[in-house]
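A closer look at the structure
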Amino acid sequence: MNLVLHPVLPDANLMVGRRFHAALSKGDWAAIRDLLTDDATWTLPGDNLVSGHVSGADAVVERARLIASYGVHFALRNILVSKENVALSLHNTAARGDLILDEHLATVCTLRDGRISAIETYLSDVDGMNAFFQ
């Protein structure tokens, strides 16, 4: 007898991922703020204007606003869910003068009580990000 397992997706986590991407794509900063815990953090690799660690929901929103201000297009590839968290697989692109941003990334969101308490971003091209966000 073959046993077929049907995974149960944490629908609430999936919805947080969808809402976060939609708000980021539209520049809906209030919607992003509503998704965050007050003590939310965001860590990005690299050595540029958007790199490092920020703490507090307002700082996380300001970082999202700064990244978007460079004309970044946040193309969603996949939303990945675990039992407790969510990750977005993105392909970010932008152009600024002769500078081109073309990176693949995973934005991993730690959830607490249905809201994002921490974001950690993993990049395919840290050097390219450093050059673009100088």
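Definitions and cut-offs
- Residues numbered from 1 in each chain as written.
- Predicted model: local features only at pLDDT ≥ 70, side-chain atom pairs only at ≥ 80, totals over all residues.
- Heavy atoms only, no water.
- Helix = DSSP H or I, 4+ residues; strand = E, 2+ residues; numbered from the N terminus.
- Rg over C-alpha atoms; globule rule 2.2 N^0.38 Å.
- Buried < 20%, exposed > 50% of the residue type's maximum accessible area, 1.4 Å probe, protein only.
- Lys, Arg positive; Asp, Glu negative; His and termini not counted.
- Charge placed at Lys NZ, Arg CZ, Asp CG, Glu CD.
- Contact = heavy atoms within 4.5 Å.
- Pairing = 2+ DSSP bridges.
- Axes fitted to C-alpha atoms, helices over the stretch in contact; angles between N-to-C directions.
- pLDDT = per-residue confidence, 0-100.

**Some words on the overall build of the protein chain**
Within the protein chain, the secondary structure is distributed over four helices and six strands. Starting at the N terminus and ending at the C terminus, the protein chain contains elements arranged as α-α-β-β-α-β-β-β-β-α. In terms of overall dimensions, the protein chain is globule-like: its C-alpha atoms have a radius of gyration of 16 Å, near the 14 Å expected for 134 residues. Across the 134 residues of the protein chain, 42% fall into the buried class. One finds the centroid of the 11 positive side-chain charges in the protein chain at a distance of 7 Å from the centroid of its 16 negative side-chain charges.

**Section: the side chain of Thr107**
With respect to the element layout, Thr107 can be found in strand 5 (residues 99-112). Its relative accessible area of 3% is what places Thr107 among the buried residues. Apart from the residues within four sequence positions on either side, Thr107 is in contact with Phe20, Val86, Ala87, Leu88, Leu90, Ile119, Glu120 and Thr121.

**Digging into the sheet that holds strand 4 (residues 86-96)**
In spatial order, the strands read 2-1-6-5-4-3; together these six strands make up an open sheet with mixed pairing. On the outer flanks of this sheet lie strand 2 (52-55) and strand 3 (73-81), each paired with one strand and no other. Going across the sheet, the axis of each strand differs from the next one's by a mean of 15°, ignoring polarity. Relative to strand 4, strand 3 runs antiparallel, the two being bridged by eight bridges. Paired with Ala75 across the two strands is His91, which belongs to strand 4. Strands strand 3, strand 4, strand 5 and strand 6 (115-123) of the sheet are contacted by helix 1 (residues 11-26), whose axis makes an angle of about 175° with strand 3.

**A few points about the confidence of the model for the protein chain**
Mean pLDDT for the protein chain: 93, with 93% of residues reaching 70 or above. The low-confidence segment residues 5-9, where pLDDT is below 50, has one contact with residues more than four positions distant or belonging to other chains.

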